[in-house]
Amino acid sequence: MQPAYLISGTDRAKIEAAVSRLRDRAEREGGPGSLETFADDRGGAPDPEELVASLPAMSLTASRRYLLAEEVWRWNAKALELITGALGSLPEDLTVVLVAGLEADASGADRGRAKRAIAKLEAAVKAAGGRHIECAAPRARDLPGWLADEAARRGFELSPEAARLLVERLGESTARLASELDRLAIWAEPEARVELEDLESMIADTSEEVVWTLSDAIVAGDVATASRVADSLTSQGEALTPLVY
């Protein structure tokens, strides 16, 4: 493991997979307490001072500590200065992971802000002997091909027509599309081919408040959306037991 990583881009599915691998490794090597996450419950930037204060801490159980900070592209100039300065003197038993994931449909202002923040963080991470991992989402026209490749990686075949329907119904979010592929992988037989007809009665339409929207929000850590959708579903008379499941 290197001392620092910057993971950035618009491919939320790939970013989440990278973070998941990090969590698995941290727990495998040192148990649940070896990874500390810094995030804002409302989706804002994490507290940079809190992160810096945790850098020199020592662990009596884990051989290596991991600090994970999300939404770091939201840091202002003062926060970036504090963080980039701290990355210059990291303890040998520590890995810092900075995640700067941006939605594919982010505004021009957010893209500009993220670009400036990522440039500063990239320079500091590389100076510390770390690595910048870029996860660019495929273009809209390339999403059906991306879906077919991801389906094959999950052990089943997705027809071109079915792939196009998924993009049409679910949008361009790779995280949401990947979640739907995971669900299809459970349903489909190994090496089976999923056709357009198979999807018609299965996939969740974005125009409706559905249980899958709730589960996606929970997986993404989106507290506000999860609470809103849960309230909407229960008010519509949705049974509690399936929601809990």
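Conventions we followed
- Residues numbered from 1 in each chain as written.
- Predicted model: local features only at pLDDT ≥ 70, side-chain atom pairs only at ≥ 80, totals over all residues.
- Heavy atoms only, no water.
- Helix = DSSP H or I, 4+ residues; strand = E, 2+ residues; numbered from the N terminus.
- Buried < 20%, exposed > 50% of the residue type's maximum accessible area, 1.4 Å probe, protein only.
- Contact = heavy atoms within 4.5 Å.
- Areas by Shrake-Rupley, 256 points an atom, 1.4 Å probe, with all protein chains shown as cover.
- Pairing = 2+ DSSP bridges.
- pLDDT = per-residue confidence, 0-100.
- Polar contact = N/O pair within 3.5 Å; in protein donor to acceptor, adjacent residues only side chain to side chain.
- Axes fitted to C-alpha atoms, helices over the stretch in contact; angles between N-to-C directions.

This next bit is on the overall build of the protein. When its secondary structure is counted, the protein shows 11 helices and 7 strands. Across the 245 residues of the protein, 41% fall into the buried class. In the protein, once contacts between residues fewer than 6 apart in sequence are set aside, the share between residues at least 24 apart is 72%. For the protein, the accessible surface area stands at approximately 13,500 Å², while carbon and sulfur atoms represent 50% of it.

Within strand 1 (residues 4-9), 6 of the 6 residues are buried, leaving the element largely enclosed by the surrounding structure. Burial along strand 1 is two-sided: the face carrying Ala4, Leu6 and Ser8 and the face carrying Tyr5, Ile7 and Gly9 are both buried. In this sheet, strand 4 (residues 94-101) lies alongside strand 1 in parallel orientation, the contact comprising 6 bridges. The residue of strand 4 that forms the bridge with isoleucine 7 is valine 99.

Among the secondary structure elements, proline 160 is positioned in helix 6 (residues 160-170). Relative accessible area serves as the criterion here: at 43%, proline 160 is assigned to the partly exposed category. Remark: the alpha-carbon pair of proline 160 and proline 144, spanning 16 residues in sequence, is separated by 6.6 Å.

The next subject is the confidence of the model for the protein. On average, residues of the protein score 85 in pLDDT, and 89% of them reach the 70 mark or higher. In this model, residues 204-209 is a region of pLDDT below 50 whose contacts with residues beyond four sequence positions or in other chains number 16 contacts.

So, about the side chain of threonine 174. When you line up the elements, threonine 174 lands in helix 7 (residues 174-187). We classify threonine 174 as buried; its relative accessible area is 1%. Within the local environment of threonine 174, its side chain forms a polar contact with the backbone nitrogen of arginine 12, the two atoms lying 3.0 Å apart. When residues no more than four places from it in sequence are discounted, the contact partners of threonine 174 are Thr10, Asp11, Arg12, Ala13, Ala137, Pro138, Leu143 and Trp146.

On to unusual backbone geometry, then. For glutamate 71, which is not a glycine, the phi torsion comes out positive at approximately 55°. By the secondary structure assignment, glutamate 71 is in the loop between strand 3 (65-69) and helix 3 (77-86). The exposure class assigned to glutamate 71 is buried, which follows from its relative accessible area of 16%. Positive phi is not limited to glycine here, since glutamate 191 has a value of about 65°. Inspection of the secondary structure assignment puts glutamate 191 in the loop between helix 7 and strand 7 (193-194). You can call glutamate 191 exposed: its relative accessible area is 68%.

This next bit is on the sheet that holds strand 4. With parallel pairing, the 5 strands of this open sheet are ordered in space as 2-3-4-1-5. Of all strands in the sheet, those bounded by a partner on one side alone are strand 2 (35-38) and strand 5 (131-135). Adjacent strand axes in the sheet meet at a mean angle of 15°, parallel and antiparallel pairs treated alike. Relative to strand 5, strand 1 is paired through 5 bridges, and the arrangement is parallel. Across the sheet, the residue bridging to glycine 9 is cysteine 135, located in strand 5. With respect to the sheet, helix 1 (residues 12-30) is in contact with strand 1, strand 2, strand 3, strand 4 and strand 5, its orientation differing from that of strand 3 by roughly 155°.

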